[in-house]
Amino acid sequence: MAGNKGRGRAAYTFNIEAVGFSRGEKLPDVALKPPPLFPDTDYKPVPVKTGEGEEYMLALKQELRETMKRMPYFIETPEEKQDIERYSKRYMKVYKEEWIPDWRRLPREMMPRKKCKKGPKSKKAKDTTGKGTSFTNTADVLKKIEELEKRSDGEKSDEENEEKEGSKEKSKEGDDDEEDDAAEEEEYDEEEQEEENDYINSYFEDGDDFGADSDDNMDEATY
Amino acid sequence: MTQAEIKLCSLLLQEHFGEIVEKIGVHLIRTGSQPLRVIAHDTGTSLDQVKKALCVLIQHNLVIYQVHKRGVVEYEAQCSRVLRILRYPRYIYTAKTLYNDTGELIVEELLLNGKMTMSAVVKKVADRLTETMEDGKTMDYAEVANTFVRLADTHFVQRCPLVPAAENSDAGPPPPAPTLVINEKDMYLVPKLSLIGKGKRRRSSEEDATGEPKAKRPKHTPDNKEPIPDDGIYWQANLDRFHQHFRDQAIVSAVANRMDQTSSEIVRTMLRVSEITTPSSAPFTQPLSSNEIVRSLPVGYNISKQVLDQYLTLLADDPLEFVGKSGDSGGGMYVINLHKVLGSLATATLESVVQERFGSRCARIFRLVLQKKHLEQKQVEDFAMIPAKEAKDMLYKMLSENFISLQEIPKTPDHAPSRTFYLYTVNILSAARMLLHRCYKSIANLIERRQFETKENKRLLEKSQRVEAIIASMQATGAEEAQLQEIEEMITAPERQQLETLKRNVNKLDASEIQVDETIFLLESYIESTVKR
């Protein structure tokens, strides 16, 4: 083909003079490694601006950093257990104010689990305690159940059964809540359990009447 | 989001909100919009902590949520808003220059807390101001409220979108998340509050922040259990307005540097008058007649109409085209070309960077290529009057750093290199983007270095803090000079030296961060102005 200057001789595909090298000149070395991480610069950087405004902003910046560490928005990572518990650590803890967000502005799933449970619970309370009896005390509930058991089965009306259902559910939940209050680990377990049982979660969060569904299982749930 | 931005966001979130918030925030920035359970699963944190982190991020306007179909709520992080954390000191300082200490503290509280109700802000600021005043004097709520209203009127603070009032509470189950709405007209409407009261001074016994046992301090109880009159109306700092102010400042100082003080005053007046009439993203301000400008000049400036006209003509004829003449009615209608100004400022930044990095000869070549748009290798050597070898070397250096790019113009359809023109050109937009990316990397490096320096000397810093605490407590209980001397000598002279060096280095690194942020602002404003809306 035209353009082949000679067999085996190196020829550039472009005009070498256009790039600035004259013919036959030694080309610069090929770089065999990446450029250095901190290369020497010929030109040192310009000094930082100083002035009243800049100094004030500098002080503001440092103060802001310190202040934000003390705000309740700064969530500390739970530290691992130290080998030796230092006495001074107890006195160097910074007491932070508790911050409670405005729940109305946040999605409902943001609220901690306990409050969520009270939601459907209060609805059930409205449905089932229409008669005015309050079932807040667990002991009372158990006594009432015993009383009802002593009576004959036939006398039980649907409404009473509904009430018992609601009260038993509440008592179970009341127990759960108390257990939750008692130990944080148990609350954590509760959440974990709830995570696994998605079916049950949606069951409550839908806000469906629990009383209405329990009508179907009237025959079995009399204990 | 580029890797550099993500790294910088991660460092900022970690420094200001802790590691848990940082993990969640960075995960959201990387992966985009996600629901709660997926976040918890992917990051491996407990649901409880994810919720807390999201609450904090939403409070500070760094994350927004949206309800998708089937009731799933998805959370999205706003990377650019996280980067604004760097600029907080500048916002607060600007508020100070415009509205004095009261304005400064109002903006500071709003930035620290994300959003607050007006009554909460007023109370807190009044308390803080009272602390700094002399004994016996207190700050009145009304004064603080006044400043707040002024800030709202000039749009420096704005209302957050509101939860819509629940019209019918029994229309089925409530939505999983409220949809927040805000009416344009209501954004700066200040609620009618009658805030009566004075700032409270904290009792001096509670004031020690020296690390003494805080276990004995009584738990903080809320002072008033009365219902808050403006409950639900939250305010936030309007960052866009601050940016507009910074941009105006940059324009005025550019004109002052290029021409003289009087022209910069004229431009400042023009900007001030068109503040309200021009939207912030407009390419140029609303036309102003020269008569109007004369009327609106500040009181101290007695320039005659003729002199003003001469200045305006000079400004309009300037090759940089900051000011343009758009008509002849009313003595001449003049506009400020905002987008052109931003372009000029970005170009000036690029030129300055080339000069400081590669030297003034490189800068000459750079300016030459900018001016002539496209140049061949030979032409560059001729026009710049620089020997061929050096010119070639400099061009390639700038090319490798992407300040200059090559434009190929083939002579033949097969693009053979020997038969193609290679022209050097400067693409300002892409060079600006490249420089912006480098700025993000720089700040990330500065923050890392500062954290490294602080960690290296952690032991020494703690020791000096303890010594200071001891001295302070001893002074409070009244101690002799000799004892204080003894305590001070606990820190040896070489340690003092080390502390001095550390302080100087940290200050320098912090100041550099603030300065790089100024460059970021200019470049971001320019790039934003080029995006077609």
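Residues numbered from 1 in each chain as written. Chains lettered and ligands numbered in written order. Predicted model: local features only at pLDDT ≥ 70, side-chain atom pairs only at ≥ 80, totals over all residues. Heavy atoms only, no water.

1. Concerning a negative patch on the surface
Together, E481, E486, E488 and E489 of chain B make up a region of like negative charge exposed at the surface. Its location among the elements puts E489 of chain B in the loop between α19 (481–488) and α20 (493–530). (Patch = residues over 30% accessible without salt bridge, like charges linked within 9 Å, V, L, I, M, F, W, Y side chains within 5 Å. Areas by Shrake-Rupley, 256 points an atom, 1.4 Å probe, with all protein chains shown as cover. Salt bridge = Lys/Arg side-chain N within 4 Å of Asp/Glu carboxyl O. Lys, Arg positive; Asp, Glu negative; His and termini not counted. Charge placed at Lys NZ, Arg CZ, Asp CG, Glu CD. Helix = DSSP H or I, 4+ residues; strand = E, 2+ residues; numbered from the N terminus.)

2. Here's the deal with the pattern of salt bridges
In this structure the tally under the stated criterion is 30 salt bridges over all chains. Between E448 of chain B and K7 of chain B there is a salt bridge, with the nearest N and O atoms lying 2.7 Å from each other. Of this pair, E448 of chain B sits in helix α17 (residues 428–456) while K7 of chain B sits in helix α1 (residues 3–17), and the two are 441 residues apart along the sequence. Overlapping salt bridges bring together K61 and R65 of chain A together with E15, R450, D510 and E513 of chain B as one network.

3. Focus: helix α4 (residues 47–59) of chain B
Residues and elements named next belong to chain B. If you check α4, its first and last C-alpha atoms are 18 Å apart, about what 13 residues at 1.5 Å a residue would give, namely 18 Å. The buried fraction of α4 is high, at 10 of 13 residues. Taken as a whole, α4 has its buried residues at L47, V50, K51, A53, L54, C55, V56, L57, I58 and Q59. Immediately downstream of α4, the backbone of N61 shows phi near 60°, a positive value. (Expected span 1.5 Å × (residues − 1). Buried < 20%, exposed > 50% of the residue type's maximum accessible area, 1.4 Å probe, protein only.)

4. Considering the UniProt feature "domain: DNA-directed RNA polymerase III subunit RPC3 winged-helix" (unreviewed entry) in chain B
With numbering matched to this structure, UniProt assigns "domain: DNA-directed RNA polymerase III subunit RPC3 winged-helix" (unreviewed entry) to residues 350–426 of chain B. Helix makes up 56% of residues 350–426 of chain B and strand makes up 18%, while its end C-alpha atoms are separated by 10 Å. (UniProt positions renumbered as here; feature names shortened; annotations may be inferred.)

5. Quick word on the sheet that holds strand β7 (residues 288–289) of chain B
Read across the open sheet, the 3 strands follow the order β7-β9-β8 (chain B); overall the sheet is antiparallel. Bordering the open sheet on either side are β7 and β8 (323–327) of chain B, each of which pairs with just one other strand. (Pairing = 2+ DSSP bridges.)

6. What about the nonpolar core?
With 122 residues, the main nonpolar core has L8, F17, L54, Y75, I365, F366 and M398 of chain B as its most contacted residues. Among the elements that make up this core, the one with the highest residue count is helix α6 (residues 88–113) of chain B (12 residues). In contact with L54 of chain B, other than residues within four places in its own chain, are M110 of chain A together with I24, L28, L36, I39, V63 and Y75 of chain B. A254, F322, L345 and L522 of chain B belong to the second largest nonpolar core, which has 25 residues in total. (Core = buried A, V, L, I, M, F, W, Y, C linked by side-chain atoms within 4.5 Å. Contact = heavy atoms within 4.5 Å.)

7. A short note on the packing of helix α14 (residues 360–372) of chain B against helix α16 (residues 388–400) of chain B
All names here are of chain B. In contact at an axis separation of 10 Å, α14 and α16 are set at 75° when each is read in the N-to-C sense. With respect to α16, the element α14 is oriented roughly perpendicular. Between α14, through R361, C362, I365 and F366, and α16, the contact on the second element is made entirely by E390, A391, M394, L395 and M398. Here the contact of α14 with α16 is built from residues that sort into 7 nonpolar, no polar and 2 charged. (Axes fitted to C-alpha atoms, helices over the stretch in contact; angles between N-to-C directions. Parallel < 35°, antiparallel > 145°, perpendicular 65-115°, else oblique. Nonpolar A, V, L, I, M, F, W, Y, C, P; charged D, E, K, R; others polar.)

8. Quick word on the interface of chain A and chain B
Facing 52 residues of chain A, the contacting portion of chain B comprises 78 residues. Carbon and sulfur atoms make up 61% of the surface buried where chain A meets chain B, a total of about 5800 Å² over both sides. Considering only the side of chain A, the residues that lose the most area to chain B are Y73, I75 and R105 of chain A, jointly responsible for 14% of the buried surface there. Applying the counting criterion to the chain A and chain B interface returns 3 salt bridges. A salt bridge links E518 of chain B to K49 of chain A, with the shortest nitrogen-to-oxygen separation between them at 3.0 Å. Linking chain A to chain B there are 15 residue pairs in polar contact (both at pLDDT 80 or more). At the level of secondary structure, the elements contributing two or more residues to the side of chain A that touches chain B comprise α1 (16–19), α2 (52–70), α7 (184–196) and α8 (198–205) of chain A. (Buried area = accessible area lost by both parts, 1.4 Å probe. Polar contact = N/O pair within 3.5 Å; in protein donor to acceptor, adjacent residues only side chain to side chain.)

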